[in-house]
Every structure is written in structure tokens, then in C-alpha cells.
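The chain contents come next:
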Amino acid sequence: MIRRPPRSTLFPYTTLFRSPKSTESKWGTKKRRETLLVVARNANMDSAENETVLAPLRLSVKQQGDVVRSLKESKAPEIDVKKAVHELKARKKILEDKELELAPVSASFDRSRMEDLLKRRFFYIQSFEIYGGITGQYDFGPMGCAMKNNLLAAWRNFFVLEEQMLEVDSSILTPEKVLKASGHVDRFADYMVKDEKNGECFRLDHLIKAHLEKIIADKKTSTDVKKECEDIIVKLDGMTKDEMDAILKKYDMKSPVTGNKLSSAMEFNLMFGISIGPTGQNKGYLRPETAQGIFVNFKRLLEFNQGRLPFAAAQIGNSFRNEISPRSGLIRVREFTMAEIEHFVDPSAKDHPKFDSVKDVELMLYSACNQMDGRPAELIKVGKAVEMNLIANETLAYFMARIYLFLTRIGVDQGRLRFRQHMSNEMAHYACDCWDAECKTSYGWIECVGCADRSCFDLKQHSKATGVQLVAEKKLPVPITVHKVEVLPNKRIIGSSYRQHGDLIYDTLANFDESEAAEVERQIKETGEYTLEIGDKRFSFKLDDINVRRCQKTVHVEEVVPNVIEPSFGIGRIMYAIFEHTFRTRDGDEQRTYLSLPSIIAPLKCSVLPLSNNPEFAPFILKLSRELTRADVSHKVDDSSGSIGRRYARTDEVAIPFGITVDFDSLKEPHTATLRERDSMHQIRAPLSLLPELVRDLSVGRITWKEVEKQYPRFEQQETTRDV
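Residues numbered from 1 in each chain as written. Predicted model: local features only at pLDDT ≥ 70, side-chain atom pairs only at ≥ 80, totals over all residues. Heavy atoms only, no water.

A. Molecular detail of the side chain of Ser 625. Tracing the chain through its elements places Ser 625 in helix α20 (residues 618-630). The class of Ser 625 is buried, set by a relative accessible area of 19%. Beyond its immediate chain neighbours, meaning those up to four positions away, Ser 625 contacts His 635 and Val 637. (Helix = DSSP H or I, 4+ residues; strand = E, 2+ residues; numbered from the N terminus. Buried < 20%, exposed > 50% of the residue type's maximum accessible area, 1.4 Å probe, protein only. Contact = heavy atoms within 4.5 Å.)

B. Here's a closer look at the sheet that holds strand β11 (residues 283-286). Sheet architecture is open: three strands sit in the order β6-β11-β10, paired in antiparallel fashion. Either end of the sheet is taken by a strand with one partner, and the two such strands are β6 (173-175) and β10 (273-275). Strand-to-strand twist in this sheet, taken as the mean axis angle between neighbours without regard to direction, amounts to 45 degrees. Pairing between β6 and β11: three bridges, direction antiparallel. If you follow Leu 173 over to β11, its bridge partner there is Leu 286. (Pairing = 2+ DSSP bridges. Axes fitted to C-alpha atoms, helices over the stretch in contact; angles between N-to-C directions.)

C. Summary view of the nonpolar core. Core analysis: the largest hydrophobic core is formed by 77 residues, its most contacted members being Trp 155, Leu 365, Phe 406, Leu 407 and Phe 569. The element best represented in this core is helix α14 (residues 394-409), accounting for 10 residues. If we ignore the near neighbours within four places in the chain, the residues touching Phe 569 are Trp 155, Phe 159, Thr 337, Met 338, Ala 339, Ile 341, Ile 403, Phe 406, Cys 448, Val 449 and Ile 574. The next biggest cluster of nonpolar side chains, apart from the first, holds 29 residues, and it includes Leu 609, Tyr 648, Phe 664 and Leu 691. (Core = buried A, V, L, I, M, F, W, Y, C linked by side-chain atoms within 4.5 Å.)

D. Quick look at the confidence of the model for the protein chain. Mean pLDDT over the protein chain: 85, with 91% of residues reaching 70 or higher. Counting contacts from residues 719-724, a segment whose pLDDT is below 50, to residues more than four positions away or on other chains yields 10 contacts. (pLDDT = per-residue confidence, 0-100.)

E. Up close: the sheet that holds strand β9 (residues 266-269). Strands sit in the order β8-β7-β9 across an open sheet of three strands; the sheet is antiparallel. In the strand order of this sheet, the two ends are held by β8 (201-203) and β9, each with one partner. Within the sheet, the average angular offset between the axes of one strand and its neighbour, ignoring direction, is 45 degrees. Contacts from helix α7 (residues 204-217) reach β7 (189-194) and β8 within the one sheet, and its direction differs from that of β8 by about 75 degrees.

F. Molecular detail of the packing of aromatic side chains. In this structure the tally under the stated criterion is 21 aromatic pairs. Ring geometry for Phe 158 against Phe 159: centres 5.1 Å apart, planes inclined by 70 degrees, an arrangement best described as edge-to-face. Classification of Phe 158 by relative accessible area gives buried; the value is 8%. Aromatic side chains Phe 158 and Phe 406 sit 5.5 Å apart centroid to centroid with 45 degrees between the ring planes, which places their arrangement in the tilted category. You can see Phe 158 sitting in helix α4 (residues 142-161) and its partner Phe 406 sitting in helix α14, a full 248 residues away along the chain. (Phe/Tyr/Trp six-rings, centres within 6.5 Å; stacked < 30°, edge-to-face > 60°.)

This is the structure we're talking about:
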């Protein structure tokens with residue numbers, strides 16, 4: 001799952017935010033075309049001239065990285081570590097900016113032209129457009145919907161089918177107690193303030209940071225005030241609402257837009273709250289991720305898998321986050337589709353049986369060490385990365401390699417794809433290792449897939465909240481004798497007192513470990529009473545209600561709480577990266593743009609074009625369309641007016657990879673037609689009866705276009721002048 005990052009990095013594209021009521025430019029409607037240059041690191045950046053410029057900046061980052069390491073090793077005060085990390089980030093930013101400045105231009109990319117194509121051909125559009133649109137919400141049109149469905153079908157085949165995963169489809173409406181246990185209720189919140197006159201909203205920590213940075217930049221500001229402001233910026237991430245309010249008042253901060261007074265700080269929850277049922281008493285949320293639906297069903301999934309580890313469960317579905325300031329098209333939205341995998345594994349056996357099949361795959365790895373030392377990402381084989389302990393274990397590395405193979409198969413440019421390792425200050429306290437598959441776009445590097453070893457955090461949290469043990473059994477090589485402390489409930493008494501919750505109480509007490517059982521024994525002896533808390537429920541027991549027994553048992557199995565390796569795919573972000581990476585302009589004709597989508601995810605696989613409106617073509621078109629449908633080839637018949645070249649351009653814009661043209665030669669024996677490939681614009685001529693299966697095999701990758709060109713004669717010129 002794509003976890004919410006620390007507060008300081010949640011909205012990297014802006015410092016302040018405005019409420020949905022504020023005026024914002026409509027997506028895809030700008031008249032001014034700003035040409036954005038897409039740049040990428042490559043071997044040329046290692047030139048002596050560039051390295052002369054970058055070397056001192058790299059050294060500066062490394063020196064500060066060493067300072068951070070030293071402070072952590074010596075267990076220095078937290079504030080000192082935070083200051084050092086803040087300085088490290090600032091130096092990294094300077095280095096990265098200079099790298100981008102010196103990097104050679106790999107392609108000229110005009111985002112507005114691409115967005116114009118996507119809007120015009122209705123791939124996706126801002127939701128409720130005729131009402132002015134809603135920021136952060138998008139509707140997919142016919143082409144976008146078909147592409148998304150094809151992408152998800154490819155994902156299912158590549159992961160669920162090939163890895164024999166167990167797929168689930170859980171409820172979107174999630175009770176509060178589930179997300180309280182997972183940590184989302186407490187973690188998914190930020191502080192904001194409002195303009196007291198017009199209601200415009202600002203995220204408080206970003207507003208404070210922007211205001212203090214302005215004070216620091218002022219030459220008239222004294223050294224002491226500058227130091228105080230810098231200290232506040234470093235501490236912002238951990239500040240309480242009252243502490244932020246005090247800073248707001250101390251520096252007399254006003255709305256940066258109107259200069260009006262601001263309200264006191266208020267909490268803003270990033271989850272959409274709902275009421276489940278008519279009473280309003282069952283509070284819940286629209287799920288912020290799909291993963292929790294897998295975790296709460298772990299016990300059933302384990303039983304379905306005959307109690308064996310490892311196994312993987314998968315889920316595709318929509319998630320919701322009430323983003324304060326959604327922007328950047330499909331990159332930051334309020335409703336989005338996720339495809340998540342939870343691979344449950346024995347914590348002592350994280351090797352993978354299929355690891356050898358991917359060990360030679362090379363990945364561009366941007367490790368935490370490289371980030372702290374100011375070094376660029378490195379191309380390393382997966383097997384070598386595991387040997388070096390760069391990637392924590394084989395299972396995590398296996399899925400990283402599979403993610404790479406999948407993304408490059410569906411159209412992500414491998415030259416603009418890297419895996420960035422989370423640094424220690426980014427990683428959740430329970431995670432062992434975490435890497436993000438990042439794609440380079442005109443917005444910068446964006447996280448498209450997260451891949452983390454999350455240890456056993458979620459299962460333990462849900463076990464603790466419900467009293468249900470979410471564990472697996474592992475057979476021991478030889479039986480062992482263990483000392484057992486058991487809490488035995490008096491079922492007759494408890495059943496009559498807590499009839500509705502009897503099974504819950506029995507299961508919870510039966511799964512108490514030795515320390516918990518000892519605590520029960522102590523409380524009963526000292527006070528004559530024991531109180532059991534399960535979630536938000538409390539149960540009190542007297543001396544006669546429960547008994548603690550000590551004994552010896554011979555056990556043949558060991559209970560383990562599985563660890564979880566979690567690849568989490570943001571489908572909208574992946575689609576956007578693919579749009580940018582496959583957007584093309586025809587050589588020699590800059591007005592003709594198209595999307596070079598791989599056939600596996602192209603919305604339609606084939607177009608069927610009669611050369612003209614000659615009625616003799618109709619029976620052939622009808623039969624060809626019917627045979628394509630039988631071959632499961634999605635297609636579009638374009639018998640509209642206009643030249644064949646104009647119609648080719650239209651089909652290219654919607655990324656149709658292959659086009660069949662029925663011409664006058666098709667009317668004669670042996671009834672052949674031309675087949676055109678979108679990217680090369682090359683054409684071959686083949687029998688009409690063979691074309692449906694040929695297009696099907698091309699679409700699913702069973703045969704390549706180069707192989708087709710070797711098998712069938714090249715067609716050089718389309719006949720267009722014949723009278724009709």
C-alpha cells in the first residue's frame with residue numbers, strides 16, 4: 001500500500017494549499033503552451049566537465065550524511081539529529097537541482113499538447129466538468145476506461161495468475177475500529193487554518209514554514225531570530241496543535257493571499273468519514289487503502305491455503321483520501337485505484353523459490369547510502385543486491401524485479417524508472433526495508449509502486465484489537481516439551497454473564513502468552529478481580545470466573561506471526577507515467593501526435609478501415625469485424641469520410657496499434673488486405689481470412705511485428721485514386 005509519508009513530505013509540489021472553493025485553472029485548458037523538458041541521468045553525466053561541477057556538491061552531501069550517521073550512532077538528542085537531517089535534505093536538493101541542470105536533454109516534451117490529446121480523445125476528464133469540475137476527481141472516458149481495464153487484466157495475468165495468488169474483493173466502507181487498530185485514524189490527520197473572512201484554507205505546517213523562511217531570507221533579520229526560526233522549521237514535523245498555534249500568534253501570521261486574520265489551528269482528517277447504517281452510531285470511513293481488507297481476512301485465507309506459508313493475497317479496488325490540495329492530474333487525487341499484494345511469509349525463511357529466475361535482472365537502485373553520500377543511482381543485478389544486503393531478502397528482491405518487468409512491459413520507459421530506498425527517517429518503525437519504484441515525469445520523480453517488507457505489524461495490531469490470533473503453524477523438526485501457563489475460563493459462569501461475547505472472551509484468554517497469564521494471576525490474587533479489555537469492550541471477572549493453570553506440554557508445531565512483503569501499485573500514477581513516456585510526435589510532421597502504447601494495454605487492438613465509401617467494401621468489412629470479435633480482438637470500424645491518411649492519424653491518437661485497410665485489391669481473389677503497424681507505419685499485405693488471428697497474436701505478444709514483416713510482403717503505397 002502507498003503509505004502516508006511524514007507531514008513534511010506529504011505535499012511536495014507546493015507549500016500552501018487552497019480550499020476547493022478557490023479559483024484554479026481547469027485541467028487541460030491552458031492556451032499558453034509551456035514546453036517542459038524531460039531529462040534523465042545517463043552515462044554522459046559522468047563526463048569530466050560535469051563531475052568537476054558536481055564533485056564538491058557530492059562531497060558536501062556525503063559530509064553531512066556522515067554527520068547524521070555519527071549523531072545516530074552516538075544516540076545524540078533527537079533535536080540535533082533532526083537539524084542534521086534537515087541540513088542533509090537541503091544539500092541533497094542543491095545537488096539534485098544541479099544534476100538536472102547539467103543532464104543532457106533526452107526529449108522535448110510539451111505537456112499541454114499531451115493533455116490536449118487526452119482530453120480531446122476522452123481518455124480522462126475532470127469530474128462534473130459541466131458544473132465547473134472538482135479538483136482531484138477524474139472520469140475515465142471510453143479510451144481511458146478500456147486502457148485501465150487492459151492494464152488491470154495484464155496485472156492480474158502477470159501477478160495473480162502467474163504467482164497463483166488468492167484474490168479478494170473487500171468492502172469499501174470500513175468501521176472506525178478497524179482503521180483505529182491499523183493506525184490510520186491517528187496518523188491520517190493534519191492541522192489547518194482558515195481565512196476568517198473568505199474561508200480559504202491553508203495547511204498550517206506549510207504556512208508556518210513559508211512564513212519563517214521569508215523572515216530568514218530578510219537581510220534585516222537578526223542572527224538570533226534567524227536561528228530561532230530555523231529551529232522551529234526543524235521541529236515542525238513533531239509539533240502539537242497548541243505549539244503551532246503559539247507560533248502562529250507569536251509571529252502574527254496572516255493569510256498569505258489576502259492578509260486577513262487566520263483562525264486557530266484545527267484538525268483535518270485525510271479520510272472520508274461516513275456513518276454506516278441509519279442510527280449514525282456506527283462511525284466509519286471510506287477505505288484509504290485496500291490492504292486492510294486482506295489483513296482482516298488473513299485467517300480465512302490461511303485456511304483456504306490449507307494452513308501453509310508462504311502465500312500471497314491480492315486485491316484491486318478504489319481507495320479514498322481527502323487530499324487538502326490535489327493537483328498534477330492523476331498523480332494526486334481523492335479517489336484512486338490501487339492493486340495491492342500481501343505476500344505472507346515465515347519471518348525466518350524469506351528466501352523465494354523462483355528467485356533464480358530474476359537474479360540477473362538489472363535494476364537502477366538509488367539506495368539510502370547513495371542518497372546520504374551524494375552519489376547517483378546505480379545499475380545493479382538483483383542477485384548481487386541481495387548478496388550485498390542492499391535489498392533485505394530474496395522475496396523483497398524478487399517482487400522488485402517482477403515490478404520492473406511488469407512496468408517496462410506495459411510502457412514505462414526503463415531509462416526513466418528507478419527504485420529508491422527509503423531512508424531511516426522516512427521508513428515506518430515496523431518496516432524492515434522499503435523501496436519505491438519511481439517514474440520520471442515532467443512533474444519530477446513520482447512514486448508509482450511501493451514495495452516494502454512490513455514485518456508483522458498489521459496482523460499483530462488486528463490481533464491485539466480483536467483478540468483473534470492471526471498466526472500460522474509451522475511444523476517443528478522434532479517435538480519439544482514446553483512449560484505452559486493457561487488461563488481457563490469458567491464457561492458456565494462467563495456464558496451466563498456475557499452470553500453475547502462468550503466466544504470472543506474464550507478465544508482471547510486461550511491465546512494469552514505466559515506474561516499475560518501471569519498478570520491475570522497477579523491481579524486475581526491481589527484484588528480478587530481481573531478486567532479484560534478487547535477493543536472498546538471491558539469485561540470484569542471474579543476469582544471463581546477464571547483459573548490460571550501451569551503445566552508441561554509436548555508440542556509438534558510452532559505458532560508464528562507471518563511477515564508481509566507488500567507491493568502496492570497506484571494505477572492512476574502508472575497510467576500517467578505511461579502517457580508521458582509513450583507520447584510521440586511524427587518525424588517531419590510536428591502537428592501529428594500519438595500515443596505509442598504497447599498493444600497489451602492499448603484501448604483497442606485494431607482499426608478496420610475501408611479505403612473509401614464504395615458499397616462493395618461493406619460485406620468484407622462486416623465479415624472482418626465479426627471474425628475479429630470471435631478472435632477476442634477489440635476493434636473499431638472507421639468508415640467515416642476523409643482521406644485514409646487522416647483516418648490513420650485519428651486511430652494513432654487513440655493508440656490503436658494495428659490497422660486493417662480493405663482496398664480494391666481486397667475485392668479480387670485471393671481477397672487480401674493491408675495490415676499497418678502504428679509506430680513504424682509499415683504495412684504488409686495478407687489474406688483477409690488470416691488477419692484476425694494474426695492481429696490477436698500480435699496483440700498478446702505471441703509474435704512480433706518484425707516476424708510478421710519477414711513472413712508477408714511489404715506494402716509500399718495505398719491506392720486512393722480509384723473511382724467509387
